[in-house]
Amino acid sequence: QVYLVESGGGSVQAGGSLRLSCAASGYTVSSNYMGWFRQAPGKEREGVAAIAPWSGSTYYADSVKGRFTISQDNAKNTIYLQMTSLKAEDTAMYYCAYDFYGLGDGSRLAPWYKYWGQGTQVTVSS
């Protein structure tokens, strides 16, 4: 059984930092693409960052590039999202996702993933 469990969310003031974690079970994170997504009330789910664990290739939304970093720890079977210089508009529920099944030439930031975690809330106060 595949499970993804996010942690590390919370409340922070603008300009602060948080690191989100996604612990995987039932598979290894090196077996397919993994991504971080977020969704705020009234908005569509947005791809934030993705990673190809076997190569280390990363992908970022324009809105977060230079501020967020996705990484992996294969020994711990965990991926991370380091968020710095947080803004109020970063407030959302953040989800990690596994097993991209979209088109080969499609964006890895599209929500074409088979498995999703339960989400962790990030609230940034301006």
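Look above for the structure.
(A) Region of the structure containing the sheet that holds strand β8 (residues 78-83). A sheet is described by the order of its strands in space; here 4 strands give the open sequence β1-β3-β8-β7, paired in antiparallel fashion. This sheet does not close on itself; its edge strands, each paired only once, are β1 (3-7) and β7 (68-73). Neighbouring strand axes in the sheet, compared pairwise and without regard to direction, differ in orientation by 15 degrees on average.

(B) Quick look at the packing of aromatic side chains. A complete count under the given rule lists 9 aromatic pairs for this structure. Look at Y113 and W116: their rings are 6.3 Å apart centre to centre, the planes differ by 75 degrees, and that puts the pair in the edge-to-face class. Classification of Y113 by relative accessible area gives buried; the value is 2%. We classify W116 as partly exposed; its relative accessible area is 28%. Site record: aromatic cluster; members linked through ring pairs are Y33, F37, W54, Y59, F100, Y113 and W116. Here R45 stacks its cationic end above the ring of Y95, 4.2 Å away from the centre of that ring. Sitting over the ring of W116, R45 keeps its end group 4.8 Å from the ring centre.

(C) Spatial organisation of the pairing of strand β3 (residues 18-25). Both β1 and β3 contribute to a ladder of 5 bridges, which runs antiparallel. The residue of β3 that forms the bridge with L4 is A24. The sheet contact formed by β3 and β8 spans 6 bridges and is antiparallel. Opposite L18, over in β8, you have M83 as the bridge partner.

(D) Spatial organisation of unusual backbone geometry. In this structure, N77 is a non-glycine residue whose phi angle is positive, near 55 degrees. Tracing the backbone shows N77 in the loop between β7 and β8. Not every positive phi belongs to a glycine, and D99 is a case in point at roughly 75 degrees. Looking at where D99 falls in the secondary structure, it is placed in strand β9 (residues 92-100).

(E) Examining the side chain of R38 more closely. Tracing the chain through its elements places R38 in strand β4 (residues 34-39). Within the structure, the side chain of R38 is placed 3.5 Å from the side chain of S63, a separation counted as a polar contact. Sequence-distant contacts of R38, that is, excluding residues within four places in its chain, are made with E44, R45, E46, V48, S63, V64, F68, E89, D90, A92, M93 and Y94.

Scoring rules and cut-offs
- Residues numbered from 1 in each chain as written.
- Predicted model: local features only at pLDDT ≥ 70, side-chain atom pairs only at ≥ 80, totals over all residues.
- Heavy atoms only, no water.
- Pairing = 2+ DSSP bridges.
- Helix = DSSP H or I, 4+ residues; strand = E, 2+ residues; numbered from the N terminus.
- Axes fitted to C-alpha atoms, helices over the stretch in contact; angles between N-to-C directions.
- Phe/Tyr/Trp six-rings, centres within 6.5 Å; stacked < 30°, edge-to-face > 60°.
- Buried < 20%, exposed > 50% of the residue type's maximum accessible area, 1.4 Å probe, protein only.
- Lys NZ or Arg CZ within 6 Å of the ring centre and 35° of its normal.
- Polar contact = N/O pair within 3.5 Å; in protein donor to acceptor, adjacent residues only side chain to side chain.
- Contact = heavy atoms within 4.5 Å.

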